[in-house]
Amino acid sequence: MEVETTTPEHNREFADVDINNGSASGASDEEEVPAPGSVTLEHENDLFVSAMTPSEVHRRISASNLEEVLTDDGDYFIQIVISDPQKVGDGMSSYLAYKVTTKTNIPKFKRTEFSTLRRFSDFLGIHDLLVNKYLRMGRIIPPAPSKNIIGSTKVKMSPQQTEPGTPINQEWVEVRRAALERFVHRTAQHPVLRVDLDFINFLESDQELPRAVNTSALSGAGVIRLFNRVGETVNKITYKMDENDPWFDDKITEVENLDANLQKLSSALKSLVSSRRELSVLTGLVAKSAAMLSTCEEHTGLSRALSNLADVEEKIELLRSEQANSDFYILAEFIKDYLGLFGAIKCIFHERVKAFQNWQYAQMQLSKRRENRGRFELANRVDKLDQAQQEVEEWQGKVQRCQQQFDDISSEIKREMERFELSRVKDFKANIIKYIEVQMAHQQQIISYWEAFAPFAREIV
(Lines give C-alpha, C1' and ligand atoms only; values in the text may rest on other atoms or scores of the structure.)
Protein backbone atom coordinates (compact mmCIF):
# COMPACT_ATOMS: atom_id res chain seq x y z
CA MET A 1 0.00 0.00 0.00
CA GLU A 2 1.48 3.30 -1.05
CA VAL A 3 0.49 6.60 0.52
CA GLU A 4 2.04 9.61 -1.16
CA THR A 5 2.63 12.87 0.67
CA THR A 6 3.41 15.80 -1.58
CA THR A 7 5.15 19.11 -1.09
CA PRO A 8 3.57 22.47 -1.84
CA GLU A 9 5.30 22.64 -5.22
CA HIS A 10 3.53 19.59 -6.60
CA ASN A 11 -0.09 18.77 -7.30
CA ARG A 12 -1.55 16.40 -4.75
CA GLU A 13 -2.93 13.13 -6.10
CA PHE A 14 -5.33 10.80 -4.40
CA ALA A 15 -3.50 8.23 -2.30
CA ASP A 16 -4.96 4.76 -2.71
CA VAL A 17 -5.55 2.69 0.37
CA ASP A 18 -5.88 -0.99 -0.48
CA ILE A 19 -8.17 -2.92 1.81
CA ASN A 20 -8.11 -6.25 -0.05
CA ASN A 21 -6.09 -8.05 2.60
CA GLY A 22 -7.96 -11.16 3.48
CA SER A 23 -10.29 -13.91 2.37
CA ALA A 24 -13.81 -13.66 1.08
CA SER A 25 -16.70 -13.98 3.45
CA GLY A 26 -20.42 -13.57 3.53
CA ALA A 27 -22.15 -10.25 4.17
CA SER A 28 -24.44 -9.41 7.06
CA ASP A 29 -25.48 -6.29 8.95
CA GLU A 30 -22.93 -4.80 11.32
CA GLU A 31 -23.71 -3.55 14.81
CA GLU A 32 -22.24 -0.34 16.16
CA VAL A 33 -19.19 -0.72 18.35
CA PRO A 34 -19.83 0.91 21.74
CA ALA A 35 -17.12 2.80 23.58
CA PRO A 36 -15.60 0.68 26.36
CA GLY A 37 -16.11 3.48 28.86
CA SER A 38 -19.90 3.29 28.43
CA VAL A 39 -20.10 0.43 30.97
CA THR A 40 -19.93 1.63 34.58
CA LEU A 41 -19.45 -0.37 37.75
CA GLU A 42 -19.71 0.68 41.36
CA HIS A 43 -17.34 0.57 44.33
CA GLU A 44 -14.66 -2.11 43.93
CA ASN A 45 -16.01 -3.01 40.49
CA ASP A 46 -14.85 0.35 39.13
CA LEU A 47 -11.30 -0.97 38.95
CA PHE A 48 -12.39 -3.54 36.40
CA VAL A 49 -14.02 -1.30 33.82
CA SER A 50 -10.89 -1.41 31.68
CA ALA A 51 -10.44 -5.12 32.35
CA MET A 52 -13.91 -6.38 31.52
CA THR A 53 -15.47 -4.18 28.88
CA PRO A 54 -12.87 -4.42 26.05
CA SER A 55 -13.09 -8.20 25.81
CA GLU A 56 -16.87 -8.01 25.67
CA VAL A 57 -16.72 -5.39 22.93
CA HIS A 58 -14.02 -7.41 21.13
CA ARG A 59 -16.26 -10.46 21.09
CA ARG A 60 -19.10 -8.38 19.67
CA ILE A 61 -16.84 -7.11 16.91
CA SER A 62 -15.56 -10.59 16.09
CA ALA A 63 -19.12 -11.90 15.94
CA SER A 64 -20.24 -9.18 13.55
CA ASN A 65 -19.51 -8.57 9.90
CA LEU A 66 -17.13 -5.71 10.73
CA GLU A 67 -13.87 -7.35 9.71
CA GLU A 68 -15.42 -9.71 7.17
CA VAL A 69 -16.37 -6.86 4.83
CA LEU A 70 -12.86 -5.44 5.09
CA THR A 71 -11.06 -8.65 4.22
CA ASP A 72 -13.25 -9.48 1.26
CA ASP A 73 -11.39 -10.23 -1.97
CA GLY A 74 -13.47 -7.61 -3.80
CA ASP A 75 -11.97 -4.47 -5.30
CA TYR A 76 -12.56 -2.18 -2.32
CA PHE A 77 -10.61 1.06 -2.07
CA ILE A 78 -10.61 4.40 -0.26
CA GLN A 79 -8.84 7.57 -1.36
CA ILE A 80 -8.55 10.64 0.89
CA VAL A 81 -7.12 14.09 0.19
CA ILE A 82 -6.74 16.96 2.66
CA SER A 83 -6.52 20.28 0.80
CA ASP A 84 -7.34 23.98 0.71
CA PRO A 85 -6.59 25.16 4.28
CA GLN A 86 -8.62 28.33 4.83
CA LYS A 87 -9.20 30.75 7.67
CA VAL A 88 -12.76 30.90 9.02
CA GLY A 89 -13.80 33.87 11.13
CA ASP A 90 -11.68 36.68 12.49
CA GLY A 91 -9.64 37.40 15.58
CA MET A 92 -8.94 34.89 18.35
CA SER A 93 -12.21 33.05 17.62
CA SER A 94 -11.07 32.22 14.10
CA TYR A 95 -9.73 28.82 13.05
CA LEU A 96 -8.34 26.92 10.06
CA ALA A 97 -10.61 24.58 8.14
CA TYR A 98 -9.43 21.89 5.72
CA LYS A 99 -11.28 20.33 2.82
CA VAL A 100 -11.47 16.55 3.22
CA THR A 101 -12.25 14.81 -0.08
CA THR A 102 -12.96 11.07 -0.15
CA LYS A 103 -13.51 8.53 -2.94
CA THR A 104 -14.44 4.97 -2.01
CA ASN A 105 -16.53 1.96 -2.97
CA ILE A 106 -16.73 0.48 0.53
CA PRO A 107 -20.40 -0.47 1.15
CA LYS A 108 -20.44 1.09 4.62
CA PHE A 109 -20.30 4.57 3.07
CA LYS A 110 -23.50 6.11 1.71
CA ARG A 111 -21.80 7.78 -1.28
CA THR A 112 -18.81 6.99 -3.46
CA GLU A 113 -17.39 10.52 -3.66
CA PHE A 114 -17.87 13.36 -1.20
CA SER A 115 -16.08 16.19 0.58
CA THR A 116 -16.52 18.19 3.77
CA LEU A 117 -14.75 20.85 5.83
CA ARG A 118 -13.03 19.87 9.07
CA ARG A 119 -11.12 21.98 11.58
CA PHE A 120 -8.01 20.81 13.38
CA SER A 121 -9.86 20.02 16.61
CA ASP A 122 -12.13 17.66 14.62
CA PHE A 123 -9.10 15.55 13.72
CA LEU A 124 -8.04 15.46 17.38
CA GLY A 125 -11.61 14.59 18.33
CA ILE A 126 -11.86 11.58 16.00
CA HIS A 127 -8.48 10.39 17.26
CA ASP A 128 -9.68 10.55 20.87
CA LEU A 129 -12.87 8.67 19.97
CA LEU A 130 -10.89 5.87 18.32
CA VAL A 131 -8.49 5.69 21.26
CA ASN A 132 -11.39 5.41 23.73
CA LYS A 133 -12.94 2.62 21.68
CA TYR A 134 -10.00 0.50 20.61
CA LEU A 135 -6.83 1.17 22.61
CA ARG A 136 -7.81 -1.15 25.47
CA MET A 137 -8.47 -3.87 22.93
CA GLY A 138 -4.83 -3.71 21.85
CA ARG A 139 -5.35 -1.96 18.53
CA ILE A 140 -2.69 0.46 17.23
CA ILE A 141 -4.27 3.90 16.81
CA PRO A 142 -2.25 6.20 14.50
CA PRO A 143 -1.30 9.35 16.45
CA ALA A 144 -2.81 12.68 15.48
CA PRO A 145 -0.51 15.62 14.62
CA SER A 146 0.67 17.74 17.53
CA LYS A 147 -0.60 21.26 18.09
CA ASN A 148 1.27 24.40 17.07
CA ILE A 149 0.08 27.15 19.40
CA ILE A 150 2.47 29.76 18.00
CA GLY A 151 1.49 29.07 14.39
CA SER A 152 -2.23 29.02 15.24
CA THR A 153 -1.95 32.33 17.06
CA LYS A 154 -0.21 33.94 14.08
CA VAL A 155 -3.05 32.84 11.79
CA LYS A 156 -5.69 34.07 14.26
CA MET A 157 -4.03 37.48 14.49
CA SER A 158 -3.41 37.82 10.74
CA PRO A 159 -5.63 40.24 8.74
CA GLN A 160 -8.93 38.91 7.50
CA GLN A 161 -8.83 37.50 3.96
CA THR A 162 -10.38 39.62 1.24
CA GLU A 163 -12.39 36.65 -0.02
CA PRO A 164 -13.77 33.86 2.19
CA GLY A 165 -12.18 30.49 1.48
CA THR A 166 -8.91 31.91 0.17
CA PRO A 167 -6.13 29.39 0.90
CA ILE A 168 -3.57 30.25 3.57
CA ASN A 169 0.00 30.26 2.28
CA GLN A 170 2.26 29.59 5.25
CA GLU A 171 4.87 26.87 5.54
CA TRP A 172 3.66 25.52 8.88
CA VAL A 173 0.10 25.32 7.53
CA GLU A 174 1.34 23.09 4.70
CA VAL A 175 3.28 20.98 7.20
CA ARG A 176 0.12 20.54 9.27
CA ARG A 177 -2.01 19.79 6.19
CA ALA A 178 0.42 17.07 5.10
CA ALA A 179 0.51 15.64 8.65
CA LEU A 180 -3.29 15.53 8.83
CA GLU A 181 -3.41 13.79 5.45
CA ARG A 182 -0.94 11.15 6.61
CA PHE A 183 -2.96 10.68 9.81
CA VAL A 184 -6.23 9.93 7.97
CA HIS A 185 -4.35 7.72 5.47
CA ARG A 186 -2.89 5.58 8.24
CA THR A 187 -6.27 5.39 9.96
CA ALA A 188 -7.90 4.34 6.67
CA GLN A 189 -5.25 1.63 6.25
CA HIS A 190 -6.45 -0.13 9.40
CA PRO A 191 -9.01 -2.84 8.58
CA VAL A 192 -11.26 -1.98 11.55
CA LEU A 193 -10.78 1.75 12.03
CA ARG A 194 -11.68 2.60 8.43
CA VAL A 195 -15.26 1.31 8.88
CA ASP A 196 -15.75 2.65 12.38
CA LEU A 197 -19.01 4.60 12.47
CA ASP A 198 -17.39 7.69 13.97
CA PHE A 199 -14.64 7.68 11.35
CA ILE A 200 -17.20 7.27 8.56
CA ASN A 201 -19.21 10.16 9.98
CA PHE A 202 -16.04 12.25 10.20
CA LEU A 203 -15.38 11.75 6.47
CA GLU A 204 -18.93 11.67 5.15
CA SER A 205 -21.12 14.01 7.20
CA ASP A 206 -21.84 17.44 5.73
CA GLN A 207 -22.73 18.76 9.16
CA GLU A 208 -20.32 20.49 11.51
CA LEU A 209 -19.14 18.06 14.17
CA PRO A 210 -19.75 18.76 17.86
CA ARG A 211 -16.98 20.97 19.20
CA ALA A 212 -14.20 18.79 20.61
CA VAL A 213 -13.48 21.10 23.55
CA ASN A 214 -11.62 18.37 25.44
CA THR A 215 -8.80 18.58 22.91
CA SER A 216 -7.82 22.06 24.06
CA ALA A 217 -4.49 22.12 25.84
CA LEU A 218 -5.76 24.68 28.35
CA SER A 219 -9.12 23.06 29.10
CA GLY A 220 -10.00 21.31 32.34
CA ALA A 221 -9.96 17.99 30.51
CA GLY A 222 -6.49 18.82 29.22
CA VAL A 223 -5.23 19.37 32.75
CA ILE A 224 -6.80 16.08 33.86
CA ARG A 225 -5.14 14.29 30.94
CA LEU A 226 -1.81 15.79 32.01
CA PHE A 227 -2.17 14.40 35.54
CA ASN A 228 -3.27 11.03 34.16
CA ARG A 229 -0.19 10.90 31.96
CA VAL A 230 2.00 11.63 34.95
CA GLY A 231 0.35 8.75 36.81
CA GLU A 232 0.75 6.47 33.81
CA THR A 233 4.44 7.39 33.55
CA VAL A 234 5.02 6.66 37.23
CA ASN A 235 3.22 3.32 36.88
CA LYS A 236 5.37 2.39 33.86
CA ILE A 237 8.55 3.19 35.78
CA THR A 238 7.66 1.56 39.10
CA TYR A 239 5.79 -1.58 37.99
CA LYS A 240 7.64 -4.51 36.45
CA MET A 241 5.46 -7.24 35.01
CA ASP A 242 6.54 -10.87 35.37
CA GLU A 243 6.43 -11.75 31.69
CA ASN A 244 5.68 -15.38 30.87
CA ASP A 245 5.51 -14.98 27.09
CA PRO A 246 8.96 -14.72 25.43
CA TRP A 247 7.36 -13.22 22.31
CA PHE A 248 6.49 -10.06 24.22
CA ASP A 249 9.95 -9.86 25.80
CA ASP A 250 11.57 -10.01 22.37
CA LYS A 251 9.08 -7.65 20.74
CA ILE A 252 9.32 -5.01 23.48
CA THR A 253 13.13 -5.06 23.19
CA GLU A 254 12.87 -4.77 19.41
CA VAL A 255 10.45 -1.83 19.63
CA GLU A 256 12.67 -0.03 22.16
CA ASN A 257 15.75 -0.48 19.95
CA LEU A 258 13.96 0.67 16.80
CA ASP A 259 12.49 3.66 18.61
CA ALA A 260 15.89 4.72 20.02
CA ASN A 261 17.58 4.50 16.62
CA LEU A 262 14.71 6.28 14.88
CA GLN A 263 15.11 9.10 17.41
CA LYS A 264 18.77 9.43 16.38
CA LEU A 265 17.86 9.31 12.68
CA SER A 266 15.18 11.97 13.20
CA SER A 267 17.68 14.25 14.93
CA ALA A 268 20.22 13.73 12.13
CA LEU A 269 17.59 14.49 9.47
CA LYS A 270 16.64 17.73 11.22
CA SER A 271 20.29 18.77 11.09
CA LEU A 272 20.48 17.74 7.42
CA VAL A 273 17.43 19.83 6.51
CA SER A 274 18.81 22.81 8.38
CA SER A 275 22.24 22.47 6.73
CA ARG A 276 20.72 22.01 3.26
CA ARG A 277 18.63 25.16 3.68
CA GLU A 278 21.67 27.07 4.91
CA LEU A 279 23.63 25.78 1.90
CA SER A 280 20.85 27.04 -0.37
CA VAL A 281 21.11 30.53 1.15
CA LEU A 282 24.92 30.53 0.83
CA THR A 283 24.67 29.38 -2.78
CA GLY A 284 22.40 32.34 -3.44
CA LEU A 285 25.00 34.66 -1.96
CA VAL A 286 27.63 33.18 -4.26
CA ALA A 287 25.32 33.81 -7.23
CA LYS A 288 24.83 37.47 -6.28
CA SER A 289 28.54 37.99 -5.67
CA ALA A 290 29.46 36.43 -9.04
CA ALA A 291 26.88 38.61 -10.79
CA MET A 292 28.24 41.77 -9.21
CA LEU A 293 31.81 40.75 -10.08
CA SER A 294 30.87 40.15 -13.71
CA THR A 295 29.59 43.73 -14.08
CA CYS A 296 32.94 45.27 -13.11
CA GLU A 297 35.17 42.74 -14.90
CA GLU A 298 36.77 44.32 -18.00
CA HIS A 299 37.82 41.03 -19.62
CA THR A 300 34.97 40.07 -21.94
CA GLY A 301 35.36 36.29 -21.75
CA LEU A 302 35.83 36.28 -18.00
CA SER A 303 32.90 38.65 -17.50
CA ARG A 304 30.64 36.37 -19.60
CA ALA A 305 31.82 33.31 -17.68
CA LEU A 306 31.16 34.99 -14.32
CA SER A 307 27.70 36.04 -15.47
CA ASN A 308 26.87 32.48 -16.51
CA LEU A 309 28.36 31.18 -13.25
CA ALA A 310 25.95 33.46 -11.39
CA ASP A 311 23.05 31.99 -13.40
CA VAL A 312 24.16 28.44 -12.60
CA GLU A 313 24.56 29.17 -8.89
CA GLU A 314 21.11 30.77 -8.83
CA LYS A 315 19.59 27.63 -10.38
CA ILE A 316 21.49 25.43 -7.94
CA GLU A 317 20.18 27.57 -5.06
CA LEU A 318 16.64 26.56 -6.04
CA LEU A 319 17.69 22.92 -6.33
CA ARG A 320 19.26 23.03 -2.85
CA SER A 321 15.97 24.36 -1.52
CA GLU A 322 14.06 21.55 -3.27
CA GLN A 323 16.52 19.03 -1.82
CA ALA A 324 15.87 20.40 1.67
CA ASN A 325 12.12 20.05 1.07
CA SER A 326 12.54 16.45 -0.07
CA ASP A 327 14.67 15.71 3.00
CA PHE A 328 11.93 17.17 5.17
CA TYR A 329 8.71 15.93 3.56
CA ILE A 330 9.86 12.53 2.28
CA LEU A 331 12.14 11.41 5.13
CA ALA A 332 12.06 13.66 8.21
CA GLU A 333 8.26 13.82 8.51
CA PHE A 334 7.98 10.13 7.63
CA ILE A 335 10.35 9.18 10.46
CA LYS A 336 8.48 11.54 12.79
CA ASP A 337 5.24 9.70 11.98
CA TYR A 338 6.80 6.35 12.81
CA LEU A 339 8.12 7.68 16.10
CA GLY A 340 4.50 8.47 16.91
CA LEU A 341 3.41 5.00 15.79
CA PHE A 342 6.03 3.37 18.02
CA GLY A 343 4.65 5.51 20.84
CA ALA A 344 1.19 4.10 20.08
CA ILE A 345 2.66 0.57 20.17
CA LYS A 346 4.14 1.25 23.59
CA CYS A 347 0.68 2.37 24.70
CA ILE A 348 -0.93 -0.95 23.75
CA PHE A 349 1.89 -2.83 25.50
CA HIS A 350 1.15 -0.77 28.61
CA GLU A 351 -2.58 -1.52 28.28
CA ARG A 352 -1.64 -5.19 28.44
CA VAL A 353 0.37 -4.54 31.60
CA LYS A 354 -2.66 -2.80 33.13
CA ALA A 355 -4.84 -5.77 32.19
CA PHE A 356 -2.32 -8.03 33.96
CA GLN A 357 -2.41 -5.78 37.04
CA ASN A 358 -6.21 -5.98 37.12
CA TRP A 359 -6.03 -9.77 36.86
CA GLN A 360 -3.50 -9.98 39.70
CA TYR A 361 -5.58 -7.64 41.85
CA ALA A 362 -8.68 -9.76 41.24
CA GLN A 363 -6.78 -12.90 42.26
CA MET A 364 -5.59 -11.17 45.44
CA GLN A 365 -9.13 -10.10 46.32
CA LEU A 366 -10.41 -13.61 45.62
CA SER A 367 -7.82 -15.01 48.04
CA LYS A 368 -8.96 -12.56 50.72
CA ARG A 369 -12.63 -13.51 50.23
CA ARG A 370 -11.75 -17.19 50.53
CA GLU A 371 -9.85 -16.51 53.74
CA ASN A 372 -12.85 -14.63 55.13
CA ARG A 373 -15.13 -17.52 54.23
CA GLY A 374 -12.73 -19.94 55.94
CA ARG A 375 -12.73 -17.85 59.14
CA PHE A 376 -16.51 -17.72 59.18
CA GLU A 377 -16.68 -21.50 58.74
CA LEU A 378 -14.24 -22.07 61.62
CA ALA A 379 -16.19 -19.65 63.81
CA ASN A 380 -19.45 -21.27 62.73
CA ARG A 381 -20.81 -17.89 61.67
CA VAL A 382 -23.68 -19.24 59.63
CA ASP A 383 -25.19 -15.77 59.25
CA LYS A 384 -22.08 -14.57 57.38
CA LEU A 385 -21.40 -17.66 55.28
CA ASP A 386 -23.95 -16.94 52.55
CA GLN A 387 -22.61 -13.44 51.98
CA ALA A 388 -19.03 -14.69 52.07
CA GLN A 389 -19.85 -17.40 49.52
CA GLN A 390 -21.49 -14.82 47.24
CA GLU A 391 -18.39 -12.63 47.42
CA VAL A 392 -16.16 -15.59 46.56
CA GLU A 393 -18.30 -16.45 43.53
CA GLU A 394 -18.40 -12.79 42.46
CA TRP A 395 -14.61 -12.48 42.55
CA GLN A 396 -14.17 -15.81 40.82
CA GLY A 397 -16.16 -14.35 37.92
CA LYS A 398 -14.04 -11.21 37.97
CA VAL A 399 -10.84 -13.26 37.88
CA GLN A 400 -12.11 -15.19 34.87
CA ARG A 401 -13.13 -12.00 33.07
CA CYS A 402 -9.81 -10.30 33.81
CA GLN A 403 -7.87 -13.34 32.63
CA GLN A 404 -9.96 -13.48 29.46
CA GLN A 405 -9.34 -9.77 28.83
CA PHE A 406 -5.60 -10.31 29.31
CA ASP A 407 -5.61 -13.25 26.88
CA ASP A 408 -7.68 -11.26 24.37
CA ILE A 409 -5.44 -8.20 24.38
CA SER A 410 -2.32 -10.40 24.15
CA SER A 411 -3.69 -12.15 21.06
CA GLU A 412 -4.85 -8.89 19.51
CA ILE A 413 -1.46 -7.23 20.01
CA LYS A 414 0.25 -10.10 18.19
CA ARG A 415 -2.13 -9.71 15.25
CA GLU A 416 -1.68 -5.95 15.24
CA MET A 417 2.11 -6.22 15.30
CA GLU A 418 2.07 -8.67 12.40
CA ARG A 419 -0.02 -6.25 10.35
CA PHE A 420 2.15 -3.30 11.44
CA GLU A 421 5.42 -5.03 10.46
CA LEU A 422 4.15 -5.78 6.96
CA SER A 423 2.98 -2.20 6.52
CA ARG A 424 6.19 -0.74 7.99
CA VAL A 425 8.47 -2.62 5.60
CA LYS A 426 6.39 -1.57 2.59
CA ASP A 427 6.28 2.06 3.76
CA PHE A 428 10.03 2.27 4.32
CA LYS A 429 10.76 0.65 0.97
CA ALA A 430 8.44 3.02 -0.90
CA ASN A 431 9.77 6.14 0.83
CA ILE A 432 13.44 5.21 0.46
CA ILE A 433 12.99 4.48 -3.26
CA LYS A 434 11.11 7.75 -3.71
CA TYR A 435 13.82 9.67 -1.83
CA ILE A 436 16.62 8.09 -3.90
CA GLU A 437 14.84 8.89 -7.16
CA VAL A 438 14.33 12.52 -6.15
CA GLN A 439 17.96 12.90 -5.07
CA MET A 440 19.21 11.34 -8.31
CA ALA A 441 17.04 13.70 -10.33
CA HIS A 442 18.47 16.67 -8.44
CA GLN A 443 22.04 15.52 -8.96
CA GLN A 444 21.46 14.92 -12.67
CA GLN A 445 20.02 18.41 -12.97
CA ILE A 446 23.09 19.88 -11.27
CA ILE A 447 25.36 17.95 -13.66
CA SER A 448 23.45 19.31 -16.65
CA TYR A 449 23.87 22.87 -15.33
CA TRP A 450 27.63 22.48 -14.97
CA GLU A 451 27.96 20.79 -18.36
CA ALA A 452 26.15 23.75 -19.96
CA PHE A 453 28.50 26.16 -18.15
CA ALA A 454 31.75 24.38 -19.07
CA PRO A 455 32.01 25.85 -22.65
CA PHE A 456 31.91 29.41 -21.25
CA ALA A 457 34.79 28.59 -18.89
CA ARG A 458 36.85 27.11 -21.75
CA GLU A 459 36.32 30.21 -23.87
CA ILE A 460 38.30 32.35 -21.40
CA VAL A 461 41.62 33.19 -23.07
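Please read these numbers as outputs of a predicted model, since none were measured by experiment.

Caption draft 1: Expanded view of the overall build of the protein chain. Check the secondary structure of the protein chain and you find ten helices and four strands. Written out in order from the N terminus, the α and β elements of the protein chain read β-α-α-β-β-β-α-α-α-α-α-α-α-α. Per-residue burial over the protein chain gives 44% buried out of 461 residues. Within the protein chain, contacts between residues separated by at least 24 positions form 79% of all contacts whose residues are at least 6 apart in sequence. A total of about 24,500 Å² of accessible surface is found on the protein chain, and carbon and sulfur atoms cover 54% of it.

Caption draft 2: View of the confidence of the model for the protein chain. Put simply, the protein chain has an average pLDDT of 81, and 74% of its residues get 70 or more. A low-confidence stretch, residues 1-73 (pLDDT under 50), is modelled with 164 contacts involving residues beyond four sequence positions or located in other chains.

Caption draft 3: Up close: the packing of helix 5 (residues 171-189) against helix 9 (residues 300-378). Where helix 5 contacts helix 9, the two axes come as close as 11 Å, and the packing angle between them is 50°. The angle between helix 5 and helix 9 places the two elements in the oblique class. Helix 5 and helix 9 meet at a crossing whose hand is right-handed. In this structure, helix 5 uses E171, E174, V175, R182 and R186 to contact helix 9, whose residues at the interface are F328, Y329, E333, F334, D337, Y338 and L341. The residue makeup of the contact of helix 5 with helix 9, split by class, is six nonpolar, no polar and six charged.

Caption draft 4: Quick peek at the pairing of strand 3 (residues 95-104). For strand 3, a buried count of seven out of ten residues is recorded, marking the element as mostly surrounded by other parts of the structure. Examined bridge by bridge, strand 2 (residues 77-88) and strand 3 share nine bridges and lie antiparallel to one another. Bridging across to strand 3, Q86 finds its partner in A97. Here strand 3 runs beside strand 4 (residues 113-119); their pairing, made up of seven bridges, is antiparallel. Bridge pairing links V100 to T116 in strand 4.

Caption draft 5: Highlighting the pattern of salt bridges. Taken as a whole and assessed by the stated rule, the structure comprises 25 salt bridges. We note a salt bridge from D245 to K414, for which the minimum N-O separation is 2.9 Å. Pair noted here: D245 is in the loop between helix 7 (220-238) and helix 8 (246-296) and K414 is in helix 10 (residues 382-458), with a separation of 169 residues, a long-range link. Classification of D245 by relative accessible area gives buried; the value is 18%. A relative accessible area of 32% places K414 in the partly exposed class.

Caption draft 6: How the structure looks around the nonpolar core. The biggest cluster of nonpolar side chains holds 41 residues, and the ones touching the most others in it are Y338, I345 and F420. Elements with a minimum of two residues in this core: helix 8, helix 9 and helix 10. For this core, the element with the highest residue contribution is helix 9, accounting for 21 residues. Those residues in contact with F420, other than ones at most four positions away along the chain, are I140, Y338, L341, F342 and I345. The next biggest cluster of nonpolar side chains, apart from the first, holds 32 residues, and it includes I78, F123, V195 and L209.

Caption draft 7: Layout of the side chain of S280. Mapping S280 onto the fold places it in helix 8. Residues in contact with S280, not counting those within four places in the same chain, are E317, R320 and S321.

Caption draft 8: Seen up close, the side chain of S303. One can find S303 in helix 9. In this view, S303 contacts S294 and E297; residues no more than four positions away in its chain are not counted.

About the thresholds
- Residues numbered from 1 in each chain as written.
- Predicted model: local features only at pLDDT ≥ 70, side-chain atom pairs only at ≥ 80, totals over all residues.
- Heavy atoms only, no water.
- Helix = DSSP H or I, 4+ residues; strand = E, 2+ residues; numbered from the N terminus.
- Buried < 20%, exposed > 50% of the residue type's maximum accessible area, 1.4 Å probe, protein only.
- Contact = heavy atoms within 4.5 Å.
- Areas by Shrake-Rupley, 256 points an atom, 1.4 Å probe, with all protein chains shown as cover.
- pLDDT = per-residue confidence, 0-100.
- Axes fitted to C-alpha atoms, helices over the stretch in contact; angles between N-to-C directions.
- Parallel < 35°, antiparallel > 145°, perpendicular 65-115°, else oblique.
- Left-handed = near helix turned anticlockwise from the far one by under 90°.
- Nonpolar A, V, L, I, M, F, W, Y, C, P; charged D, E, K, R; others polar.
- Pairing = 2+ DSSP bridges.
- Salt bridge = Lys/Arg side-chain N within 4 Å of Asp/Glu carboxyl O.
- Core = buried A, V, L, I, M, F, W, Y, C linked by side-chain atoms within 4.5 Å.

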